[in-house]
Amino acid sequence: MTEAAIRNERTPRLSAEDWAQAALDQIAEQGVASVAVEPLARRLGVTKGSFYWHFPSREALLVAALERWEKVEQETVFGSLEPIPDPRERLRKLFHLVAHEAKSHIIYSELLKALDHPAVQPVIVRVSERRLDYLTASFRQAGLSRTDAQHRARLLYSAYVGFLQLNLQLHQMNMQHDEFEAYVEHMMSTLIPQA
């Protein structure tokens, strides 16, 4: 066996999705600006050539990572809620899903810090609009008027973004598990309309 064949056997072939996930992991750890080809290649144990096989530039990788984050969030969160017919139960399930998914919040928080980046801003706008539309529709299905549903959706989403700001960016509100669970329950009882 040749030396190149041995090296290829030891080095796993990475897909574009592997690179995109590594970029998301990097965003979660150190922000959008920290995404760079050479450190990611080292982290993945491959050469830069692997990167250039899939992407022409760092910006293309960043776009792919953001698309992956948006798609996975859409499928994981909203896809899992579709089968729940009762809007109040669907909102409760949404609260629980969102409250216990830390990495997605960290990525979202880091993306909010990078809103001036041309690849980040349209993704955050789309994700925020989708979330607000979903919340508004759920509150409407739970019996609120259109205006009240829109206000409640904005209130809930503002509370979510504010909590991220306090918790992840300002390192305040380090709650113990029981305290956090009580906070989530309070949010649900306050914002989800009663039957």
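What you see is a predicted model; the values in this text were computed from it and never measured. (Residues numbered from 1 in each chain as written. Predicted model: local features only at pLDDT ≥ 70, side-chain atom pairs only at ≥ 80, totals over all residues. Heavy atoms only, no water.)

## Looking at the overall build of the protein chain
Right, so step 1: Counting secondary structure elements, the protein chain contains 10 helices and 0 strands.
Right, so step 2: The helix and strand sequence of the protein chain, counted from the amino end, reads α-α-α-α-α-α-α-α-α-α.
Right, so step 3: When the backbone C-alpha atoms are referred to their principal axes, the protein chain occupies close to 70 × 35 × 30 Å.
Right, so step 4: Burial statistics for the protein chain: of 195 residues in total, 40% are counted as buried.
Right, so step 5: Long-range pairs, those at least 24 residues apart, make up 66% of the contacts in the protein chain between residues at least 6 apart in sequence.
Right, so step 6: Between the mean site of the 22 positive side-chain charges and the mean site of the 25 negative ones, the protein chain shows a separation of 3 Å. (Helix = DSSP H or I, 4+ residues; strand = E, 2+ residues; numbered from the N terminus. Buried < 20%, exposed > 50% of the residue type's maximum accessible area, 1.4 Å probe, protein only. Contact = heavy atoms within 4.5 Å. Lys, Arg positive; Asp, Glu negative; His and termini not counted. Charge placed at Lys NZ, Arg CZ, Asp CG, Glu CD.)

## Here we look at the UniProt feature "DNA-binding region" (unreviewed entry) in the protein chain
Right, so step 1: Under the UniProt annotation, "DNA-binding region" (unreviewed entry) lies at residues 36–55.
Right, so step 2: The span residues 36–55 is 75% helix and 0% strand, and its two end C-alpha atoms sit 12 Å from each other. (UniProt positions renumbered as here; feature names shortened; annotations may be inferred.)

## As for the pattern of salt bridges
Right, so step 1: Counted by the stated rule, this structure contains 10 salt bridges.
Right, so step 2: Here Glu-185 makes a salt bridge to Arg-92, at a shortest N to O gap of 3.4 Å. Remark: Arg-92 occurs in helix 6 (residues 87–99) and Glu-185 occurs in helix 10 (residues 177–191); sequence separation between them is 93 residues.
Right, so step 3: Look at Glu-185 and you get partly exposed, because its relative accessible area is 35%.
Right, so step 4: One salt bridge connects Glu-110 with Lys-113, and the closest N-O pair in it is separated by 3.0 Å. Note that Glu-110 and Lys-113 are positioned in helix 7 (residues 102–113) at a spacing of 3 residues, about one turn of the helix.
Right, so step 5: Since its relative accessible area comes to 48%, Lys-113 is described here as partly exposed.
Right, so step 6: One network of salt bridges, with partners in common, ties together Glu-70, Arg-126 and Arg-130. (Salt bridge = Lys/Arg side-chain N within 4 Å of Asp/Glu carboxyl O.)

## Considering helix 8 (residues 120–141)
Right, so step 1: The end-to-end C-alpha distance of helix 8, which contains 22 residues, comes to 32 Å, matching closely the 32 Å that a straight helix rising 1.5 Å per residue would cover.
Right, so step 2: Listing the buried residues of helix 8 in full gives Val-120, Val-123, Ile-124, Val-127, Ser-128, Arg-131, Tyr-134, Leu-135, Thr-136, Ser-138 and Phe-139.
Right, so step 3: Remark: Gly-143 follows helix 8 within two positions and exhibits a positive phi of approximately 110°. (Expected span 1.5 Å × (residues − 1).)

## Quick notes on the environment of Val-35
Right, so step 1: Counting through the fold element by element, Val-35 comes out in the loop between helix 2 (16–30) and helix 3 (37–44).
Right, so step 2: A residue is classified by how much of its surface remains accessible, and Val-35, at 1% relative accessible area, is buried.
Right, so step 3: Along the backbone, Val-35 and Ala-119 are 84 residues apart, and their C-alpha atoms lie at a distance of 13 Å.
Right, so step 4: Apart from the residues within four sequence positions on either side, Val-35 is in contact with Ala-23, Gln-26, Ile-27, Leu-40, Arg-58 and Leu-61.

## Observations regarding the UniProt feature "domain: HTH tetR-type" (unreviewed entry) in the protein chain
Right, so step 1: Cross-referencing UniProt, the feature "domain: HTH tetR-type" (unreviewed entry) maps to residues 13–73 in the present numbering.
Right, so step 2: Within the segment residues 13–73, helix and strand shares are 75% and 0% respectively, and the terminal C-alpha atoms sit 26 Å apart.

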